[in-house]
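In case you want the letters, here they are:
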Amino acid sequence: ELLPLSAGDYQINGRVTDGVGGPGVPGVLIYLWNWSGSDYSAAISDYDGNYNLSVNTPDTYELAAQRAGFIYYNTNLDVTSTTQSLQYDIPLDRGGTSIDGRVFRGFSGRGIPGITVWAYVSDSNENWWDSYDVTGLDGSFSVPTYPGAAEIWVDYGYGFFGADWMNVHVPSGGRYLEIPLGREI
């Protein structure tokens, strides 16, 4: 049985899937909070994509879900005094294209593993999506996204300096980026 990280009077549970009706997605961080900041809950989906959250008070909450390789998901949920248990399934989206590339040491050209690469993309209608991936052993990444204007953030952690962010255009066929980081400290 899945237990929420906080125990409250109102239960929200469901399943995180790869698209609508797809297989369950494990390891998704799901969090729920009200805008006053007085009530929140968080969980990580299990092997089958199931999750369970719990809050203390009826309110309008924002529910968000994120995992590398998927578009960030968020929506508002109304938890009312008559809602003791709410079922809400979360269909994650892989986007219509991707930003692929490699993060490497600027001097040696060696790939850097463990770097988080975020993409914030907007289209001509001012819709925004964000997603991320973590570089593999060779420094490669593939961030799912949609075509549009993208702001790329590189979270390289302590010990490196170099690229912080850059603006790029993502065509429908995707985009490839080589991101050099400076020397090790």
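Everything in this summary refers to the structure shown in the same document. (Residues numbered from 1 in each chain as written. Predicted model: local features only at pLDDT ≥ 70, side-chain atom pairs only at ≥ 80, totals over all residues. Heavy atoms only, no water.)

Along the backbone of the protein chain there are zero helices and 16 strands. For the protein chain, the proportion of its 185 residues judged to be buried stands at 43%. The long-range share in the protein chain, meaning contacts at least 24 apart out of those at least 6 apart in sequence, stands at 58%. Entry remark: accessible area of the protein chain is about 9600 Å², with carbon and sulfur atoms responsible for 52%. (Helix = DSSP H or I, 4+ residues; strand = E, 2+ residues; numbered from the N terminus. Buried < 20%, exposed > 50% of the residue type's maximum accessible area, 1.4 Å probe, protein only. Contact = heavy atoms within 4.5 Å. Areas by Shrake-Rupley, 256 points an atom, 1.4 Å probe, with all protein chains shown as cover.)

To continue, consider the sheet that holds strand E11 (residues 128–134). Spatial strand order, E11-E10-E13-E15: four strands in an open sheet with antiparallel pairing. Every other strand in the sheet has two partners, leaving E11 and strand E15 (165–170) as the edge strands with one partner each. On average, adjacent strands in this sheet sit at an angle of 25° to one another, irrespective of strand direction. Pairing of strand E10 (residues 116–122) with strand E13 (residues 148–155), which is carried by seven bridges, proceeds in the antiparallel orientation. Residue serine 122 lies in a different strand from E13, and its bridge partner there is alanine 149. (Pairing = 2+ DSSP bridges. Axes fitted to C-alpha atoms, helices over the stretch in contact; angles between N-to-C directions.)

This part covers the environment of serine 131. For serine 131, the position within the fold is in strand E11. Each C-alpha atom, one on serine 131 and one on tyrosine 120, is 6.9 Å from the other, the two residues being 11 residues apart in sequence. Only 2.4 Å separates the side chain of serine 131 from the backbone oxygen of proline 144, close enough to count as a polar contact. (Polar contact = N/O pair within 3.5 Å; in protein donor to acceptor, adjacent residues only side chain to side chain.)

With that settled, consider the nonpolar core. Ranked by size, the top nonpolar core spans 20 residues in total, and within it Ile30, Leu63, Ile90 and Leu92 carry the most contacts. Breaking this core down by element, the ones donating at least two residues are strand E1 (10–18), strand E2 (29–34), strand E4 (50–55), strand E5 (59–66), strand E6 (73–79) and strand E8 (90–92). Those residues within four positions of leucine 92 in sequence are excluded, and the remaining contacts are Val16, Thr17, Asp18, Gly19, Val25, Val28, Ala65, Phe70, Ile71 and Tyr73. With 17 residues, the next largest nonpolar core counts Ile99, Val168, Val170 and Leu181 among its residues. (Core = buried A, V, L, I, M, F, W, Y, C linked by side-chain atoms within 4.5 Å.)

Note on placement: tyrosine 47 falls in the loop between strand E3 (40–44) and E4. Looking at tyrosine 47, the relative accessible area reads 71%, which means it is exposed. Through-space distance from the C-alpha of tyrosine 47 to that of glycine 27 is 7.3 Å; in sequence the pair is 20 residues apart.

Before going further, it helps to spend a moment on the sheet that holds E5. Here four strands make up an open sheet; going across it, the order is E3-E2-E5-E6 and the pairing antiparallel. Sheet topology places E3 and E6 at the edges, where each strand pairs with a single neighbour. The mean inter-strand angle of the sheet, taken between neighbouring strand axes irrespective of direction, is 20°. Bridge analysis of E2 against E3 gives five bridges, and the strand direction is antiparallel. Its bridge partner being in E3, leucine 32 is matched across the sheet by serine 41.

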